[in-house]
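Coordinate analysis (summary)
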Amino acid sequence: VQLQAFGGGSVQAGDSLRLSCAASGRTLSSYVMGWFRQAPGKEREFVAAISWSGDSTYYGDSMKGRFTISRNNARNTVFLQMNSLKSEDTAVYYCAARTSHNFLTIGRLGEYPYWGQGTLVTVSS
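What comes next is a walk through the structure. (Residues numbered from 1 in each chain as written. Predicted model: local features only at pLDDT ≥ 70, side-chain atom pairs only at ≥ 80, totals over all residues. Heavy atoms only, no water.)

Digging into the side chain of arginine 98
Our working definition: Only DSSP runs of H or I with at least four residues qualify as helices, and only runs of E with at least two residues qualify as strands; both kinds are numbered from the N terminus onward. Throughout this description, buried means an accessible area under 20% of the type-specific maximum (1.4 Å probe, protein chains only), exposed means over 50%, and partly exposed covers the range between. Charge convention: Lys and Arg are scored as positive, Asp and Glu as negative, and His as well as the terminal groups of each chain are ignored. Throughout this description, the term salt bridge denotes a Lys or Arg side-chain nitrogen within 4 Å of a carboxyl oxygen of Asp or Glu. Two N or O atoms form a polar contact when they lie within 3.5 Å of each other; inside protein one atom must be a possible hydrogen donor and the other a possible acceptor, and for residues adjacent in sequence the pair counts only when both atoms belong to side chains.
In this structure, arginine 98 sits in strand E9 (residues 91-98). Buried charge arginine 98 goes without a salt bridge, the closest partner of opposite sign being glutamate 111 at 4.7 Å. Reaching out from arginine 98, the side chain makes a polar contact with the backbone oxygen of threonine 105 at a distance of 2.9 Å.

Quick notes on unusual backbone geometry
A positive phi angle is found at asparagine 76, which is not glycine, with a value near 55°. Looking at where asparagine 76 falls in the secondary structure, it is placed in the loop between strand E7 (67-72) and strand E8 (77-82). For asparagine 76, a relative accessible area of 16% translates into the label buried. Even without a glycine there, the phi angle at serine 84 is positive, about 50°.

A look at the pairing of E9
Moving residue by residue along a regular strand, the side chains alternate between the two faces of the sheet. For the record, the criterion: Whether two strands pair comes down to DSSP finding at least two bridges between them.
Counting buried positions along E9 yields seven of eight residues, so the element is predominantly enclosed. Pairing of E9 with strand E11 (residues 119-124), which is carried by three bridges, proceeds in the antiparallel orientation. Note on E11: the bridge partner recorded for tyrosine 93 is threonine 119. Where E9 meets strand E10 (residues 114-115), two bridges bridge the pair, whose relative direction is antiparallel.

Comments concerning the nonpolar core
We apply this condition: Side-chain atoms within 4.5 Å are what join buried Ala, Val, Leu, Ile, Met, Phe, Trp, Tyr and Cys residues into a set we call a nonpolar core. Residues count as neighbours in contact if any of their non-hydrogen atoms are within 4.5 Å of one another.
Membership of the largest hydrophobic core comes to 29 residues, with the highest contact counts inside it found for Met33, Trp35, Leu80, Met82 and Tyr93. Beyond its immediate chain neighbours, meaning those up to four positions away, methionine 33 contacts Leu3, Cys21, Leu28, Ala48, Ala49, Ile50, Ile69, Arg71, Val78, Ala96, Ala97 and Tyr112. Core analysis: the next-biggest nonpolar cluster, separate from the first, contains seven residues, Phe36, Phe46, Ala96 and Ile106 among them.

Considerations on the sheet that holds E8
Picture the strands of a sheet paired through backbone hydrogen bonds; they go either parallel or antiparallel. This is how it is decided: Angles run from 0 to 180 degrees between N-to-C directions of axes, and those axes are lines fitted to C-alpha atoms, restricted for helices to the stretch in contact.
The sheet built from four strands is open, its strands ordered E1-E3-E8-E7 with antiparallel pairing. The open sheet terminates on both sides in strands that have one partner only, identified here as strand E1 (2-6) and E7. Averaged over all pairs of adjacent strands, the angle between strand axes in this sheet comes to 15°, irrespective of strand direction. Note that E1 and strand E3 (residues 17-24) share five bridges and pair antiparallel. The partner of alanine 5 across the bridge, within E3, is cysteine 21.

Re the state of the cysteines
Spelled out, the test is: In this description, a disulfide is simply a cysteine sulfur pair whose atoms lie within 2.5 Å.
Considering all chains together, one arrives at one disulfide under this definition. Between the sulfur atoms of cysteine 21 and its disulfide partner cysteine 95 the distance amounts to 2.1 Å. Judged by the sign of its S-S torsion, about 65°, the cystine formed by cysteine 21 and cysteine 95 is right-handed. With a gap of 74 residues between them, cysteine 21 in strand E3 and cysteine 95 in strand E9 connect regions that are remote in the sequence. For the pair cysteine 21 and cysteine 95, a shared accessibility class is recorded, and that class is buried.

Written out as structure tokens, the structure reads:
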């Protein structure tokens, strides 16, 4: 599966932004989907993930209550709605896919074999 993330940009603190991840090559419904981010000088970290059906969602601690992951399998697209953005949310955001449904490892980078190219989000305070 090939993934392409888009929707990043420059916003002010407190603003909202919606990222999208479009999949091609295979139907998205076969995959658990995740979002990760990497800030300058920092390691890539888990942001959110969503089950095949969309019934279950998971979030990194600093994103809970502000970010919402969703998916539209008919459109082969996954979304990340980001509200109340903070300067510390500045990062390159990546979407990723995995076939494993072991949700004990949902936040582990190494468990995702498929990655998109990333989209930059810059939040100014």
